[in-house]
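Chains, contacts and geometry: an overview
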Amino acid sequence: MKAAEQSKSDVVRAYINRRPNATATEVVRGIKREAGIDVSIALAAKIKRETAAAPASSAGASKARASKAGASKAEQIRQVAGSMGGRVRPRDVIATLAEQGVKVSSAQVSTVLRTMGMKRRRRGRRPAAAIESMASTLTLDSLLAAKRLVSQLGSIEAAKTAVDALAKLG
């Protein structure tokens, strides 16, 4: 088939197949020199991108289908983390998604894992509000009752043991 009978896209594809490392500008100049056909740089760049993405595995196709179906990166992170089970590390999730052709950042994975409750939070000091709420639940009557229990049982340790045993029964 002659170049005149082919579409410009087919001519560009043929040129790129012969010279895969050529830039879009080189493709345009080469086609003009070889076939005398004027091709836009935009067309050459578009076809070059398409041919570069075409040899990708079926994971690329599934990624395209997933994005069309509405599966966001966050949803994909949730699915991968859920399938891993046990302890999930952000770097494992990133590696698994990279195999599928999805690029995510460590911060994004950590955020999604934390919202899922899969990432532990560091323990710190209790906020002052929590301590105040504990103090406000203790009334003078309950403190006096605790004092009577300690005096009846003989020591604070004996009272603690009795309360712990009561908690196990209840």
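Residues numbered from 1 in each chain as written. Predicted model: local features only at pLDDT ≥ 70, side-chain atom pairs only at ≥ 80, totals over all residues. Heavy atoms only, no water.

Remarks on helix 10 (residues 156-169)
Using the following cut-off: Strands are runs of DSSP state E lasting at least 2 residues, helices are runs of H or I lasting at least 4, and numbering of each runs from the N terminus. Multiply 1.5 Å by the residue count of a helix minus one, and that product is the helix's expected span. Burial here depends on accessible area, computed with a 1.4 Å probe over protein chains only, as a share of the maximum for the residue type. Under 20% is buried, over 50% is exposed, and the range in between is partly exposed.
Over its 14 residues, helix 10 extends 20 Å from the first C-alpha to the last, a length consistent with the 20 Å expected when each residue adds 1.5 Å. Summarising burial for helix 10: one of the 14 residues are buried, a small minority.

So, the nonpolar core
How we decide: The criterion is simple. A nonpolar core is a set of buried Ala, Val, Leu, Ile, Met, Phe, Trp, Tyr and Cys residues joined through side-chain atoms within 4.5 Å. Every residue pair with non-hydrogen atoms within 4.5 Å of one another is taken to be in contact.
Ranked by size, the top nonpolar core spans 13 residues in total, and within it V12, V27, I31 and A44 carry the most contacts. Sorting the residues of this core by element identifies helix 1 (8-18), helix 2 (24-35) and helix 3 (41-53) as the ones contributing at least two each. Here V12 is in contact with V27, I31, V39, L43, A44 and I47, once residues within four sequence places are set aside. In this structure, A74, V88, V102 and L113 belong to the second largest nonpolar core, which totals twelve residues.

Here's the deal with the pattern of salt bridges
Rules: Salt-bridge detection follows one rule: a side-chain nitrogen of Lys or Arg within 4 Å of a carboxyl oxygen of Asp or Glu.
Inspection of the entire model under this criterion finds six salt bridges. A salt bridge links R89 to D92; the shortest N-O distance between them is 3.2 Å. The structure contains a network of salt bridges with shared partners spanning R18, R19 and E34.

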